[in-house]
Each structure stands twice: as structure tokens, then as C-alpha cells.
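One-letter residues, chain by chain:
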Amino acid sequence: MDVPCRTPSGTAPAPRLTVIPLPDGAGLRVGGEVGLATLAQWEGALSRAAREARPVYRLELSALTFVDVAGTDALAAAAQSLEEGRRIVLQQPPVSLRRLLDLFWPGIPTIDVPSS
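Residues numbered from 1 in each chain as written. Predicted model: local features only at pLDDT ≥ 70, side-chain atom pairs only at ≥ 80, totals over all residues. Heavy atoms only, no water.

Q: Explain the overall build of the chain to me, using residue names and the numbers behind them.
A: What the chain contains, in helices and strands, is 3 helices and 5 strands. For the chain, buried positions account for 38% of its 116 residues. In the chain, the proportion of contacts linking residues at least 24 apart, taken out of those at least 6 apart, comes to 66%. (Helix = DSSP H or I, 4+ residues; strand = E, 2+ residues; numbered from the N terminus. Buried < 20%, exposed > 50% of the residue type's maximum accessible area, 1.4 Å probe, protein only. Contact = heavy atoms within 4.5 Å.)

Q: Can you break down the pairing of strand S4 (residues 87-91) residue by residue, with the values?
A: Pairing of strand S3 (residues 56-67) with S4 involves 5 bridges; the strand directions are parallel. Along S4, the bridge assignment pairs Val-56 with Arg-87. At this point the chain moves from S3, through helix H2 (residues 69-80), to the parallel S4, and the crossover so formed is right-handed. Sheet analysis places S4 next to strand S5 (residues 111-112), joined by 2 bridges and oriented parallel. Note that in S5 the partner of Ile-88 across the bridge is Ile-111. Once the chain exits S4 it traverses helix H3 (residues 95-104) before rejoining the sheet at S5, and the crossover so formed is right-handed. (Pairing = 2+ DSSP bridges. Right-handed = clockwise from strand over helix to strand, strands pointing away.)

Q: I'd like a rundown of the sheet that holds S4, residues and numbers included.
A: Taking strand neighbours across the sheet as the criterion, the 5 strands line up as S1-S2-S3-S4-S5 in an open arrangement whose pairing is mixed. Either end of the sheet is taken by a strand with one partner, and the two such strands are strand S1 (17-21) and S5. Sheet strands in contact with H3 are S3, S4 and S5, and its direction is about 110 degrees off that of S3. (Axes fitted to C-alpha atoms, helices over the stretch in contact; angles between N-to-C directions.)

Q: Residues and numbers for the packing of aromatic side chains, please.
A: A full pass over the atoms with the stated rule returns 1 aromatic pair. For the ring pair Phe-104 and Trp-105, a centre distance of 5.7 Å and an interplane angle of 65 degrees mean the geometry is edge-to-face. Here Phe-104 falls in the partly exposed class, since its relative accessible area comes to 48%. On the accessibility criterion, Trp-105 (17% relative accessible area) is buried. (Phe/Tyr/Trp six-rings, centres within 6.5 Å; stacked < 30°, edge-to-face > 60°.)

Q: Mind laying out the pairing of S3, listing which residues take part and the relevant values?
A: Of the pairings in the sheet, the one linking strand S2 (residues 27-34) to S3 comprises 7 bridges and is parallel in character. Directly across from Leu-28, in S3, lies its bridge partner Leu-59. In the classification by handedness, the crossover that spans S2, the intervening helix H1 (residues 39-51) and the parallel S3 is right-handed.

See the structure below:
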């Protein structure tokens, strides 16, 4: 039996990603979603983090609601490109990001996720 497929009226809003420098300049506050539509913006933010001369670069992620595998891969690649002695500290990352890092990129020494 064929069941007609109905599409919702209107379209869903496009995913958004906000990237704001932290007040002390030691990192970024990131909110929204990291997915196909926002991946380039996320990669740009991570590229900025990798270019910084600071030994510790903070990403405050409490307002980040979703990160897909490609976004997590971009984070892992950026962290692995850091010079020795440098690291990225993830503050309040979404649980899904922690799980993806643990599953596919365990033990990257340049990513620090402090316990809350």
C-alpha cells in the first residue's frame, strides 16, 4: 500500500553558528550547530585557534547544541596541528562532541576537556 508523503509547509530555518571572541581574547565562545551548512565557518574558527601563539586556547561551547562527525574531525585535525606545548581547552562541550572524540579520536593530547 502506498502512503502519500507530505512535506511540511515552509522550510526549516538554516542551521546557524555564532563565533564570538572571549572577552579576555584567549579563545572563542561558539553557539549553535556544526554541520554541513556551518562547517566552513567552524573550520575558520579552528584555523584561527591553530594560528594563535597562546599555549592554551579556550573554546567555550555551552551554547553549542550539535556537532557532526565532520565538525569533530575538523576539531581533531586542528588540535593535532598545534605545535608542541599548545592545547585547545573545550569548556562545557555538548555530550555528543565528547562521545565522538572518545570514540573516533581518543587521547589527543592537545585537546583538554576539564571535568565540570
